[in-house]
Amino acid sequence: MVGFPPDLAQAFPRGRPGPAQAIGQRLAEKGIEFVDAPVSGGETGAINAALTIMVGGKPEAFEKVKPLFEKMGKSVTLIGASGAGQVAKACNQMLMVNVIQACAEALRLAGAHGLDAGKVVAALAGGSAGSRVLDVMGGRMARRDFVAGIQARLHHKDFAILMDEARQLGAPLPVAVHTWQQLNALMGLGGAQLDTSSLLRVLDLDVMIIALRAPADGPIGEFMRLPLDVQFDAATVQVGADEIQAMSAGLVGARGSLPAPEAVPVLHATDIPSDPA
């Protein structure tokens with residue numbers, strides 16, 4: 001890269017920390033310093049030189065590249081040795097996508113109550129739940145705009161790395177595991193190139209599948225007699241109880257990983273003892 005010292009190598013792509021550590025060690029044997037520096041901020045951050053840059057490497061190498069990094073980003077932080085930048089980036093992705101999933105669940109609940117999603121997002125944005133993720137992703141969910149933004153396949157890839165790292169380290173990530181399964185479901189639905197805010201669509205589909213498994217005269221069946229607004233690709237269709245049965249075969253087949261409805265036990269509100277003790 002123009003402006004870099006000739007005895008220093010850098011890597012911006014996000015990935016696993018292991019390869020970054022190995023590259024740093026091999027280059028050090030040849031007298032070449034190395035930093036891994038994944039970024040956050042997307043295309044807009046890059047255009048506006050407002051990236052967040054997470055650096056792994058030796059302090060002396062970091063000091064050499066810091067002036068150049070500061071021209072590219074608003075936040076430049078040395079996290080630790082080679083590979084540390086990749087770990088910080090993984091933590092960034094885990095936090096962000098978990099919050100996207102939380103936004104989807106919040107708006108699914110609001111939708112079940114018949115609330116205006118846009119108004120809910122605006123209200124939450126002014127309180128302690130407010131965040132950049134809620135503003136951007138929650139806004140896209142409220143508009144049902146799943147085309148623009150970061151393709152979900154990239155976050156799916158990030159979570160694959162996360163899950164493998166957690167397995168190797170024995171690190172429990174219970175919330176991330178749930179989000180990982182929702183991303184898997186989104187991939188199975190053909191949503192790889194949609195924005196990650198389309199995680200809301202997975203929850204929309206889950207509501208319909210629950211209805212298929214519930215008796216028509218049960219509490220869930222009664223709820224599903226109300227129309228449910230679900231968007232698939234460019235078309236928005238009104239799905240009610242009558243249409244759900246007709247669509248069931250195709251929808252369940254599209255999900256791929258779902259077992260047959262009759263193979264899954266359903267717990268209804270009436271099955272729960274009033275006094276668990």
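Thresholds applied
- Residues numbered from 1 in each chain as written.
- Predicted model: local features only at pLDDT ≥ 70, side-chain atom pairs only at ≥ 80, totals over all residues.
- Heavy atoms only, no water.
- Axes fitted to C-alpha atoms, helices over the stretch in contact; angles between N-to-C directions.
- Helix = DSSP H or I, 4+ residues; strand = E, 2+ residues; numbered from the N terminus.
- Parallel < 35°, antiparallel > 145°, perpendicular 65-115°, else oblique.
- Left-handed = near helix turned anticlockwise from the far one by under 90°.
- Contact = heavy atoms within 4.5 Å.
- Nonpolar A, V, L, I, M, F, W, Y, C, P; charged D, E, K, R; others polar.
- Salt bridge = Lys/Arg side-chain N within 4 Å of Asp/Glu carboxyl O.
- Buried < 20%, exposed > 50% of the residue type's maximum accessible area, 1.4 Å probe, protein only.
- Lys, Arg positive; Asp, Glu negative; His and termini not counted.
- Polar contact = N/O pair within 3.5 Å; in protein donor to acceptor, adjacent residues only side chain to side chain.

Quick look at the packing of helix α4 (residues 84-112) against helix α8 (residues 174-188)
Then, number 1: Two numbers describe how α4 lies on α8: the axes approach to 10 Å, and their chain directions differ by 70°. One finds that α4 runs roughly perpendicular with respect to α8. As α4 packs across α8, the resulting crossing turns out to be left-handed. Residue-level inspection shows M94, V97, N98, Q101 and E105 of α4 in contact with α8, the latter providing V175, A176, H178, T179, Q182 and L183.
Then, number 2: Taken together, the residues of the contact of α4 with α8 break down into five nonpolar, five polar and one charged.

Looking at the pattern of salt bridges
Then, number 1: Taken as a whole and assessed by the stated rule, the structure comprises five salt bridges.
Then, number 2: In this structure, the salt-bridge partner of K64 is E33, at a minimum N-O distance of 2.9 Å. Taken as a pair, K64 in helix α3 (residues 59-70) and E33 in strand β2 (residues 33-36) lie far apart in primary sequence, 31 residues in all.
Then, number 3: The exposure class of K64 is partly exposed, given its relative accessible area of 38%.

Some details on the side chain of D36
Then, number 1: Looking at the element boundaries, D36 is found in strand β2.
Then, number 2: Look at D36: it is buried, it has no salt bridge, and the nearest opposite charge is K89 at 12 Å.
Then, number 3: Within the local environment of D36, its side chain forms a polar contact with the backbone nitrogen of G83, the two atoms lying 2.8 Å apart.

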